[in-house]
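Listed here are the chains, written in short residue letters.
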Amino acid sequence: MVKFILTTFILVLSVQNIWARTNQLNGTITVLEAPIFAVPDEKSNIIEYYRKGQSIYLHPMEGHTDKYAELEFKNIRRVEADKISDPFLDEKGIYLPSKESSFYKTIARSGREAYVLKEHVLVNYKDSREFDREVIEFDHTDYRIQEPLPKNYPLSSPKQHKHSMNLALYKSNFDSYPYLESVGASSAQMGWDFNFSWISTQKVDELHRFWFGGVAGFRQSSINYRLDSNGVSSASSSQEINFQFYIGPFASYDIYKGPKSVLSLYTTLQYSIIDQVDIAMTSPLGTDSRVYNSRLSFTQLIGFNYQSYNTLKKFDSVFGSYLKINYPRFYTTSENADIPELWQSSDSYLQALTTEASFYFGIQSRF
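Residues numbered from 1 in each chain as written. Predicted model: local features only at pLDDT ≥ 70, side-chain atom pairs only at ≥ 80, totals over all residues. Heavy atoms only, no water.

In the structure shown here, the tally under the stated rule is eleven salt bridges. Between Asp-193 and Arg-219 there is a salt bridge; the shortest N-O distance is 3.0 Å. Within this pair, whereas Asp-193 is found in strand E10 (residues 190-201), its partner Arg-219 is found in strand E11 (residues 210-229), the two being separated by 26 residues in sequence. Exposure remark for Arg-219: the relative accessible area of 2% places this residue in the buried category. With its nearest N and O atoms 3.5 Å apart, the salt bridge here joins Asp-228 to Arg-226. The buried category is assigned to Asp-228, whose relative accessible area is 10%. Residue classification places Arg-226 among the partly exposed positions, given a relative accessible area of 36%. (Salt bridge = Lys/Arg side-chain N within 4 Å of Asp/Glu carboxyl O. Helix = DSSP H or I, 4+ residues; strand = E, 2+ residues; numbered from the N terminus. Buried < 20%, exposed > 50% of the residue type's maximum accessible area, 1.4 Å probe, protein only.)

Written out as structure tokens, the structure is:
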């Protein structure tokens, strides 16, 4: 008799355990760190967190389906239930989840009721509903730094540096010497500009978008002129070659920063330590040349560049364009003319403000 009672008791417990497991509803966390809220509101207190891959208990009613909602019953009004009006059930406060809600009801580890966002959980329905499950594309709880990790991570230099060498090409444009004869035609040659810049990030910008440093380089441009006498073409001609060696501050701001490229706006104000114009004139009287220099010569550049990282092993490629503004300046000479008839009596002349557009390319190193 005792054996019969014991066997029956064990059998009943087994059936209850199987029934409980069958009716229990679980879900799997699909984000790195899912917050569990005290109430169904994202602004409410967070009780605890579940990690990705962990199983979480869900209220059984979250998986409840209405068996009378099948296609063959939806138009039969006699089986339609408009409202549950059982006072006993209302008193107990039966939980009826809403399809519009963005939360599942669960139980916190402390035993109190809690809520988890639906988008953070895949419900283990164990039926055909699992084929309709969707996983969010972006995990906003994933705070981890994307790999590959930055060089020297987690230690980083308080400053970052860039060094670059660039070659610019442009069409020469500057005012000519005030010849005694009028200029009938001109032919501008392709000018070139080779420079070296070095810039660093600044403490005022924690995002490392603002860079400041210096630039130095030299440029050369030339223009050929045909001179006319009283509107009639003459045998006179001239060539002017402008050479400059300059230095100046350089400021840059990254308007776009990507993992493999950067787009920057920049400006620089350059002072030409050497700014000279070699003028060589040829006429029926002979050939004569003089060198004019400017002691106060300033040029400003406003431009942008695109930097593509590691295109040449450890070096970046740089492509850009800029507008160059040549501010007014005086050119003077101390050389005597071999043929005074070809030159103005004054030993100086003013070159007005001019502009030039340029395209350039170069290489860059970062550290």
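That shown, we press on.
In this approach a probe as big as a water molecule rolls over the atoms, and the regions it shows empty are the leftover space. Tallied over the entire structure, the rule returns two cavities of 30 Å³ or more. Each pocket or cavity is described by its volume, and for the largest cavity that value is around 270 Å³. In terms of lining, the largest cavity is formed by 25 residues, of which the most central are Ser-164, Asn-166, Ser-197, Phe-250 and Asn-305. Among the elements of the structure, strand E8 (161-171), E10, E11, strand E12 (232-257), strand E13 (261-283), strand E15 (298-312), strand E16 (315-326) and strand E19 (354-366) are those that each provide at least two residues to the lining of the largest cavity. Considered class by class, the residues forming the lining of the largest cavity number eleven nonpolar, twelve polar and two charged. There is about 90 Å³ of room inside the second largest cavity. Looking at the lining of the second largest cavity, the elements that each hand over two or more residues are E11, E12, E16 and strand E17 (329-332). (1 Å grid on protein atoms, 1.4 Å probe; cavity = no way out; pocket = protein on both sides within 12 Å on 5 of 7 lines; lining within 4 Å. Points joined across faces, edges and corners; volume = space filled by probe spheres on them. Nonpolar A, V, L, I, M, F, W, Y, C, P; charged D, E, K, R; others polar.)

Attention now goes to unusual backbone geometry. Residue Pro-148 follows Glu-147 across a cis peptide bond; omega there is 0°. By the secondary structure assignment, Pro-148 is in the loop between strand E7 (121-123) and E8. One non-glycine residue with positive phi stands out, namely His-208, at about 60°. The backbone phi angle of Asn-310 is positive, close to 55°, even though this residue is not glycine. Along the chain, Asn-310 falls in strand E15.

For the coordinates displayed, the defined rule picks out 16 aromatic pairs. Seen from their ring centres, Phe-37 and Phe-103 are 5.8 Å apart, and the 90° between their planes marks the pair as edge-to-face. With a gap of 66 residues between them, Phe-37 in strand E2 (residues 33-37) and Phe-103 in strand E5 (residues 103-107) connect regions that are remote in the sequence. Note on Phe-103: relative accessible area 6%, which makes it buried. Judged by centre distance (6.0 Å) and plane angle (55°), the rings of Tyr-179 and Tyr-225 are tilted. (Phe/Tyr/Trp six-rings, centres within 6.5 Å; stacked < 30°, edge-to-face > 60°.)

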